[in-house]
There are 2 protein chains.
Amino acid sequence: MSPRATDAPQRVVAAAAEMLARVGLNATSIREVSKAAQAPLGSTYHHFPGGKQELLARATTLAGDRVDALLARLLAEGAGPGLQQFLQRWRERLLDSRFEAGCPVLAAAVEVPVDAHPSAARDAAAAVFARWEQRLGDALVQAGHAPAAAAAQATLIIASVEGAVAMCRATQDIAPFDRVAAQLLAMVEHRAS
Amino acid sequence: MSPRATDAPQRVVAAAAEMLARVGLNATSIREVSKAAQAPLGSTYHHFPGGKQELLARATTLAGDRVDALLARLLAEGAGPGLQQFLQRWRERLLDSRFEAGCPVLAAAVEVPVDAHPSAARDAAAAVFARWEQRLGDALVQAGHAPAAAAAQATLIIASVEGAVAMCRATQDIAPFDRVAAQLLAMVEHRAS
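Criteria and cut-off values
- Residues numbered from 1 in each chain as written.
- Chains lettered and ligands numbered in written order.
- Predicted model: local features only at pLDDT ≥ 70, side-chain atom pairs only at ≥ 80, totals over all residues.
- Helix = DSSP H or I, 4+ residues; strand = E, 2+ residues; numbered from the N terminus.
- Contact = placed C-beta atoms within 7 Å.
- Least-squares fit on C-alpha atoms with pLDDT ≥ 70 in both.
- Nonpolar A, V, L, I, M, F, W, Y, C, P; charged D, E, K, R; others polar.
- Axes fitted to C-alpha atoms, helices over the stretch in contact; angles between N-to-C directions.
- Parallel < 35°, antiparallel > 145°, perpendicular 65-115°, else oblique.
- Left-handed = near helix turned anticlockwise from the far one by under 90°.
- Expected span 1.5 Å × (residues − 1).
- Buried ≥ 20, exposed ≤ 12 C-beta atoms within 10 Å, placed from the backbone.

A. Seen up close, the overall build of chain A. Summing up its helical and strand segments, chain A has nine helices and zero strands in all. Reading the helices (α) and strands (β) of chain A from amino to carboxyl end gives α-α-α-α-α-α-α-α-α. With respect to the principal axes defined by its C-alpha atoms, chain A has extents near 55 × 40 × 30 Å. Summarising the internal contacts of chain A: among those between residues at least 6 apart in sequence, 68% fall at separations of at least 24.

B. Representation of the relation of the copies chain B and chain A in the model. Turning chain B through 180° and shifting it by 0.0 Å along the axis lays it on chain A, with an RMSD of 0.0 Å. Accordingly, the operation relating the two chain copies is best matched by a two-fold axis. For chain B, the minimum C-alpha distance to the rotation axis belongs to B:S160 and amounts to 1.9 Å. Most of the interface of chain B is mirrored in chain A, where 100% of its interface residues are also at the interface.

C. Region of interest: the interface of chain B and chain A. The interface of chain B with chain A comprises 36 residues on the first partner and 36 residues on the second. Among the secondary structure elements, those contributing two or more residues to the side of chain B that touches chain A are α1 (8-23), α6 (104-110), α7 (120-142), α8 (147-171) and α9 (175-192) of chain B. Among the elements that line the side of chain B that touches chain A, the one with the most residues is α8(B), at 14 residues. Broken down by class, the residue content of the side of chain B that touches chain A amounts to 22 nonpolar, eight polar and six charged.

D. Here's a closer look at the packing of helix α4 (residues 51-75) of chain B against helix α5 (residues 79-96) of chain B. All names here are of chain B. Relative to each other, α4 and α5 sit at 135°, their axes nearing to 8 Å. Comparing their axes, α5 and α4 come out oblique. Remark: the crossing between α4 and α5 carries right-handed chirality. In this structure, α4 uses L70, L71, L74 and L75 to contact α5, whose residues at the interface are A79, G82, Q85 and F86. The class makeup of the residues in the contact of α4 with α5 is six nonpolar, two polar and no charged.

E. Quick look at helix α8 (residues 147-171) of chain A. All names here are of chain A. With 25 residues, α8 should reach 36 Å at 1.5 Å per residue; the first-to-last C-alpha distance of 36 Å fits that figure. α8 sits mainly inside the fold: 22 of its 25 residues count as buried. Phi for Q172, located one or two positions after α8, is positive at around 55°.

F. View of the environment of A:A36. Residues and elements named next belong to chain A. Following the sequence through the fold, A36 ends up in helix α2 (residues 30-36). With 13 residues separating them in the primary sequence, A36 and V23 have C-alpha atoms 14 Å apart. Once you skip the residues sitting within four places of it in the chain, A36 turns out to touch A15 and M19.

Here you go:
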C-alpha cells in the first residue's frame with residue numbers, strides 16, 4: 001500500500017527529525033526528507049511555506065514531544081527504573097544505528113543555519129530542553145529528592161546523556177554512554193533512598 | 001602591521017576552530033575562514049590540499065590540544081581547584097560570546113559532512129575526547145579517586161559540560177551550565193576527600 005497523501009506532512013516532519021538526528025541541521029535537505037517520506041517535493045513546499053527552517057523547527061518539536069511522552073510513560077514506574085529503561089532505549093538506538101543516530105534536538109541547539117537568522121529550530125530546542133527538565137525534575141521530586149536538587153539533577157541527566165551520545169558517535173564506541181549511564185543511575189538511586 | 005604570510009596556515013586553522021565552534025561543521029566555509037584569518041584564499045587551498053575536510057580535522061585537533069594544555073596547567077593545582085577554574089573559563093566564554101561560542105569538538109562529533117565520507121573531523125574529535133578523558137582521569141587518580149571511578153567521572157565531566165554548553169546555547173541562559181558545574185565540583189570534592 002502506498003502512503004496516504006493526507007499523512008504526508010506528518011511523515012515529512014518525522015523524516016526530517018530522523019535526518020536531523022543523523023546528519024545535522026545544515027546537512028538536512030528538504031529534497032532528501034521528502035524522498036524519505038515518500039512525499040512529493042511540491043507538496044512539502046506547500047505544507048511548509050516557511051521552508052527548511054520551519055520544517056526543522058517542527059521536527060525538533062516532534063522529536064522533543066516523542067521523548068517527553070516516552071519519559072512520561074517510563075517514569076511512571078518510578079524515577080530510577082524509568083531512567084534505567086530510558087537509558088537502555090538510547091543505548092539500543094546507538095548500537096542499532098551503528099552510532100549514526102544522534103539527538104535531533106542537540107543538532108538544532110548547536111548548529112547555526114547557513115541561510116537563516118535567527119534559528120527557529122534553536123528556539124524549539126530550548127523549549128524541548130525545558131520540558132524534559134520539568135519532566136525529569138518532577139519524577140525525581142516524586143521519588144523523594146528535594147526540589148532544588150531534583151531540578152539540578154534533571155539538567156545533569158539531560159546534559160550528560162546528550163554529551164555521551166556525541167562522544168559515542170565520535171569514538172564509534174558505546175563505552176562513554178555506559179560510563180555515564182551507570183553514574184546517573186547511581187545518583188538517582190542514592191539520593192532517592 | 002599586517003599579519004605575516006608564513007603564519008597564515010596557523011591563523012587559518014585557528015580561525016576554522018573558532019568558526020566551527022560558533023556555526024558548526026557544515027556552515028564553516030574555507031572562504032569565510034580565510035577572510036577571518038586575513039589569509040589569501042589561494043594560499044589556504046595550497047596549504048590544505050585536502051580542502052575543507054582536512055582543515056576541519058586540523059581545527060578540531062588544534063582546539064582539542066589547546067583545551068588539553070589548559071587542563072594540564074589548571075589541574076596541576078589539584079583536581080577540584082583545576083576543574084573549578086576550567087569551568088569558570090567555559091562560563092566566561094559562553095557569557096562573553098552571548099552564547100554564540102560552543103565547542104568545536106562537539107560540532108565535529110555530531111555533524112556529517114555534506115560532501116565527504118567518512119568525516120576526518122569526527123575521527124579527530126574521537127582522539128580529542130580520549131585525550132581529555134585521560135587528562136581528567138589522571139588528575140582524579142592523583143586526587144585520591146580509584147582508577148575505575150576516576151575514568152568514569154572523567155567521561156561524565158566531559159559529556160555533561162558538552163551537553164550543558166549546548167543547552168545554554170539553545171536557551172540563551174547560563175543556568176544549565178551553573179547547575180551542571182555545581183554538581184560536578186561536588187562530585188570531585190566529595191570523593192576526593
